Amino acid sequence: MTIQVAVCGPRDCTGEDESNAREVGRLLAERGAVVICGGYTGVMAAVASGARSAGGTVVGILSRADREYANPDLSIVIPTGVGEARNSIIVNSGDAVIVIGGSWGTLSELALAMRRGRVPVVQLGGWRLVDDRAGHPVAGVRYVSSPREALAATGCWPDR
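As the structure is a computational prediction, the values presented were derived from the model and not from experiment.

## Examining the overall build of the protein
(1) Moving on: If you tally the helices and strands in the protein, you get 5 helices and 7 strands.
(2) Moving on: In terms of C-alpha radius of gyration, the protein reaches 14 Å, essentially the compact-globule figure of 15 Å for 160 residues.
(3) Moving on: If one aligns the C-alpha atoms of the protein with their principal axes, the spans along those axes are about 45 × 35 × 30 Å.
(4) Moving on: Expressed as a percentage of its 160 residues, the buried residues of the protein come to 45%.
(5) Moving on: For the protein, long-range pairs separated by at least 24 residues make up 57% of all intrachain contacts whose partners lie at least 6 apart in sequence.
(6) Moving on: Summed over all atoms, the accessible surface of the protein reaches about 7800 Å², with 50% contributed by carbon and sulfur.
(7) Moving on: Averaged over its 16 positive side-chain charges, the protein has a centre that lies 5 Å from the centre of its 16 negative ones.

Here's what the structure looks like:
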């Protein structure tokens, strides 16, 4: 079965997050993975653009009940009409979850993925969650500093 990787990130992102997302998308496409994302702007648009530039497949799980405002680089568009609840659909569709940047919606996706507990969750940039008692990073999130490290940290391609 084809590997599916959910990529989550804010619609209002930094230039660095946008660049990282584009590169993550390209690298995922080069490995034949299907990219799952929220389907709109910001990190979602950048990962879609990167994947499509390398001939990849990108699925957009939209919060709206229609395709309005969907990113044009999506291969497949799934309008859900469930609003932010679509975050659960996105993270449950991935064999791994890569979180790029940070916003409240992105944090909810990270939390849902961690709560699911069955797939690797990788954080590239953005917020760093710490245990409030000791100040140590929250266990389980794999923090990385580059797109290549993000793909490696998923464990989906152990031979690379």
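Next comes the rest of the write-up.
## What about the pairing of strand β3 (residues 57-62)?
In regular strands, side chains alternate between the two faces of the sheet.
(1) Moving on: Most of β3 is tucked away: 5 of the 6 residues are buried.
(2) Moving on: In terms of strand pairing, strand β2 (residues 34-37) meets β3 through 4 bridges, oriented parallel. Directly across from V35, in β3, lies its bridge partner V58.
(3) Moving on: Tracing the backbone out of β2, into helix α2 (residues 43-53) and back to the parallel element β3 gives a crossover that is right-handed.
(4) Moving on: Where β3 lies against strand β4 (residues 76-79), 4 bridges are found, and the strand directions are parallel. The partner of G60 across the bridge, within β4, is V77.

## Description of the layout of surface pockets
(1) Moving on: The space that makes up the largest pocket amounts to roughly 210 Å³.
(2) Moving on: Lining the largest pocket are 17 residues; nearest its centre among them are G9, P10, R11, S103 and G105.

## Observations concerning the packing of helix α1 (residues 15-30) against α2
(1) Moving on: It is the contact of α1 with α2, at a shortest axis distance of 6 Å, that shows an interaxial angle of 35°. Viewed along their axes, α1 and α2 form a crossing whose handedness is right-handed. Between α1 and α2, the residues in contact are D17, E18, A21, R22, V24, G25, R26 and A29 and V43, A46, V47, S49, G50, A51 and S53, respectively.
(2) Moving on: Classifying every residue of the contact of α1 with α2 by side-chain character gives 7 nonpolar, 4 polar and 4 charged.

## Digging into empty space enclosed by the protein
(1) Moving on: For the structure on display, the rule yields 1 cavity of 30 Å³ or more.
(2) Moving on: Taken as a whole, the largest cavity spans an internal volume of roughly 60 Å³.
(3) Moving on: Every residue along the wall of the largest cavity is listed here: V99, G101, G102, T106, L107, L110, Q123, W127 and L129.
(4) Moving on: A total of 3 residues in the lining of the largest cavity trace back to one element, the largest contributor, which is helix α4 (residues 104-116).
(5) Moving on: Counted by class, the lining of the largest cavity contains 5 nonpolar, 4 polar and no charged residues.

## Here we look at the packing of aromatic side chains
(1) Moving on: All chains considered together, the criterion is met by 1 aromatic pair.
(2) Moving on: The aromatic ring of Y143 is capped on one face by R128, whose charged end is 4.0 Å from the ring centroid.

## Here we look at α1
(1) Moving on: Taking 1.5 Å as the rise per residue, α1 with 16 residues should run 22 Å; its terminal C-alpha atoms sit 23 Å apart, in good agreement.
(2) Moving on: All buried positions along α1 are accounted for by D17, N20, A21, V24, G25, L27, L28 and A29.
(3) Moving on: On its buried face, α1 is in contact with β1 (4-8), β2, α2, β5 (96-100), β6 (121-124) and α5 (147-154).
(4) Moving on: Residue G32 follows α1 closely and has a positive phi angle near 80°.

Quick notes on the rules
Residues numbered from 1 in each chain as written. Predicted model: local features only at pLDDT ≥ 70, side-chain atom pairs only at ≥ 80, totals over all residues. Heavy atoms only, no water. Helix = DSSP H or I, 4+ residues; strand = E, 2+ residues; numbered from the N terminus. Rg over C-alpha atoms; globule rule 2.2 N^0.38 Å. Buried < 20%, exposed > 50% of the residue type's maximum accessible area, 1.4 Å probe, protein only. Contact = heavy atoms within 4.5 Å. Areas by Shrake-Rupley, 256 points an atom, 1.4 Å probe, with all protein chains shown as cover. Lys, Arg positive; Asp, Glu negative; His and termini not counted. Charge placed at Lys NZ, Arg CZ, Asp CG, Glu CD. Pairing = 2+ DSSP bridges. Right-handed = clockwise from strand over helix to strand, strands pointing away. 1 Å grid on protein atoms, 1.4 Å probe; cavity = no way out; pocket = protein on both sides within 12 Å on 5 of 7 lines; lining within 4 Å. Points joined across faces, edges and corners; volume = space filled by probe spheres on them. Axes fitted to C-alpha atoms, helices over the stretch in contact; angles between N-to-C directions. Left-handed = near helix turned anticlockwise from the far one by under 90°. Nonpolar A, V, L, I, M, F, W, Y, C, P; charged D, E, K, R; others polar. Phe/Tyr/Trp six-rings, centres within 6.5 Å; stacked < 30°, edge-to-face > 60°. Lys NZ or Arg CZ within 6 Å of the ring centre and 35° of its normal. Expected span 1.5 Å × (residues − 1).

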